[in-house]
Amino acid sequence: MKKYLAFLSISALLLTSACSATVGDDGAVDGTGTDDATVGADTTTDAGSTDAGSTDAGSVTAGYKSVVIWDKYTEPDCKATTGPGPDIDMVAVWRGNDLLGVGKPGTCTYKAGTTVACPDNQHAAATDVAAACGPFGDLDFKSVSFGYLSLGGGSVEMAIGACTKGGTDIEACDGAGDVVEIKVGDSIDVYEVDQWYLGKAGGNTKAYITGACKCIPETYEVELRVTAGVDTGSLAVGQKTGTGTLDVK
C-alpha cells in the first residue's frame, strides 16, 4: 500500500515528405560538340516519403475523470452493523511513487442500492458522503458516528483532485486542486474501514477507529469513468476486500 510511503509519455513520430529539386545540364551535345546547355528542374516527388504508419495507435492512453466504488454486498442483513456494506474512508491515486491526488472534496455522489436497500444505514448522511472525499484521517475515533460512507448496497462516485498542499503525505493532501485524469499504469488505494484501522491510533488519533467499530472487511468493486455519471467507455479495475490497492490495467 502506498500509505507507507512518504512520497505517458506520448511518442511523437515525424511525418516527412521529400521533394527532389536538382538542376543540371541535360548532357546533350550538338554537331559542334558544344553542350547545348538546356536544363530542367527535376520536380519528381519521391514516392513513399510519407510514413503511413508513423502514428502509433497505442501511444496515447485515455484518461478517466472519476472513480466509482460499488458495494459487492457480503453481510447477511442490513442490521449486521450500523454501517452496512463497505465503509469508504478515502481514495487516493498514485503514479509510481507520486501521489496524484485524493477524492476531490464536493464531488462525492452517493447512490443507494436497488437490489439491496439498507434504510437503517447510519453512515450515509450528507456529512458521511462528503467525508468519503478529501484527505485521510477524518474519522471520529471516539464516537465512530461519522467520517466515512457505508455503501449499504449502493455506490459512490468521485473525481480525484490534485494536492494543493501536502505533497506525497497521504494524511495532508487536500485534493482541492484540478481534477486528475487517471490512466493505465496508475494505482488506486481504497481505504475501507477494516481491521487495519483497529488499534492504530499511535501518534495520530484522528486517523483511526478504536473500540466500538467491528471493522468487518467488506468487498467492493472499482470502476473508472471517462465522464462522471456515464457508463460509456468505462473501465472495470477489479474487486478488493478491505483496505487495498488496485492497479489500473
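Here, the structure is the one placed above.
In this text, all values refer to a predicted model and were calculated from it rather than measured experimentally.

About the cut-offs
Residues numbered from 1 in each chain as written. Predicted model: local features only at pLDDT ≥ 70, side-chain atom pairs only at ≥ 80, totals over all residues. Heavy atoms only, no water. Pairing = 2+ DSSP bridges. Helix = DSSP H or I, 4+ residues; strand = E, 2+ residues; numbered from the N terminus. Axes fitted to C-alpha atoms, helices over the stretch in contact; angles between N-to-C directions. Disulfide = S-S within 2.5 Å. Buried < 20%, exposed > 50% of the residue type's maximum accessible area, 1.4 Å probe, protein only. Contact = heavy atoms within 4.5 Å. Core = buried A, V, L, I, M, F, W, Y, C linked by side-chain atoms within 4.5 Å. Salt bridge = Lys/Arg side-chain N within 4 Å of Asp/Glu carboxyl O.

Novice: Would you explain the sheet that holds strand β11 (residues 219-225) in this entry?
Specialist: Within a sheet, each strand pairs with its neighbour through backbone hydrogen bonds, oriented either parallel or antiparallel. The strand order across the open sheet built from 5 strands is β6-β8-β3-β11-β12, with neighbouring strands paired in antiparallel fashion. Since the sheet does not close on itself, it has two edges, and those belong to β6 (109-111) and β12 (235-241), each with one partner. Neighbour-to-neighbour, the strand axes of this sheet turn through a mean angle of 20°, independent of strand direction. In the sheet, strand β3 (residues 66-71) pairs with β11 via 6 bridges, with the strands oriented antiparallel. Among the inter-strand pairings, Val67 is bridged to a residue of β11, identified as Leu224.

Novice: It is not clear to me how the state of the cysteines should be interpreted in this structure. Could you clarify?
Specialist: One way to say it: the disulfide is the covalent bond shared by the sulfur atoms of two cysteines. Within this structure, the stated rule accounts for 2 disulfides. Paired by a disulfide, Cys108 and Cys133 hold their sulfur atoms 2.1 Å apart. Its S-S torsion of approximately 100° makes the covalent link between Cys108 and Cys133 right-handed. Residue Cys108 is located in the loop between β5 (98-103) and β6, and its partner Cys133 is located in the loop between α1 (126-131) and β7 (149-150); the two are separated by 25 residues in the primary sequence. With respect to class, Cys108 is no different from Cys133; both count as buried. The disulfide that involves Cys163 links it to Cys173, with 2.0 Å between the sulfurs. Its S-S torsion of approximately -95° makes the covalent link between Cys163 and Cys173 left-handed. Taken as a pair, Cys163 in the loop between β9 (160-162) and β10 (187-192) and Cys173 in the loop between β9 and β10 lie far apart in primary sequence, 10 residues in all. Classification of Cys163 by relative accessible area gives partly exposed; the value is 23%.

Novice: Help me understand the environment of Trp70 in this model?
Specialist: Structurally, Trp70 can be placed in strand β3. Distance in space between the C-alpha atoms of Trp70 and Gly85 is 9.7 Å, their sequence separation being 15 residues. Sequence-distant contacts of Trp70, defined by excluding residues within four places in its chain, comprise Leu151, Gly154, Ser155, Tyr220, Glu221, Glu223 and Arg225.

Novice: Teacher, can you tell me more about the nonpolar core here?
Specialist: Note that soluble globular proteins tend to have their nonpolar side chains buried in a common cluster. Of all hydrophobic cores here, the largest spans 27 residues; its most connected members are Val67, Ile69, Ile182, Ile188, Val190, Val222 and Leu224. Every residue in contact with Val222, bar those within four places of it in the chain, is listed here: Val67, Val68, Ile69, Ile188, Val190, Leu235, Ala236, Val237, Gly238 and Leu246. Residues Trp94, Tyr148, Cys213 and Cys215 belong to the second largest nonpolar core, which totals 14 residues.

Novice: Explain the side chain of Ser155 here, please?
Specialist: Of note, Ser155 is situated in strand β8 (residues 155-158). Taking the relative accessible area as the measure of exposure, Ser155 reaches 6% and is therefore buried. Apart from residues lying up to four places away in sequence, Ser155 is in contact with Val68, Ile69, Trp70, Thr109, Tyr110 and Lys111.

Novice: Which parts of the structure should I look at to understand the pattern of salt bridges?
Specialist: Pairs may arise between side chains of opposite charge once their charged atoms sit close together. Tallied over the entire structure, the rule returns 6 salt bridges. A salt bridge links Glu181 to Lys65; its shortest N-O distance comes to 3.7 Å. With Glu181 in the loop between β9 and β10 and Lys65 in the loop between β2 (39-41) and β3, this residue pair connects regions lying 116 residues apart in the sequence. As a salt-bridge pair, Arg225 and Glu157 come within 2.8 Å of each other at their nearest N and O atoms. Taken as a pair, Arg225 in strand β11 and Glu157 in strand β8 lie far apart in primary sequence, 68 residues in all. Each member of the pair Arg225 and Glu157 is classed as buried. Among the charged side chains, a network of salt bridges with common partners joins Glu157, Glu223, Arg225 and Asp231.

Novice: Looking at this structure, how should I read the environment of Gly154?
Specialist: On the secondary structure map, Gly154 appears in the loop between β7 and β8. Since its relative accessible area comes to 5%, Gly154 is described here as buried. Separated by 81 residues in the primary sequence, Gly154 and Tyr73 place their C-alpha atoms 9.0 Å from one another. Apart from the residues within four sequence positions on either side, Gly154 is in contact with Ile69, Trp70, Asp71, Tyr110, Lys111, Ala112 and Gly113.

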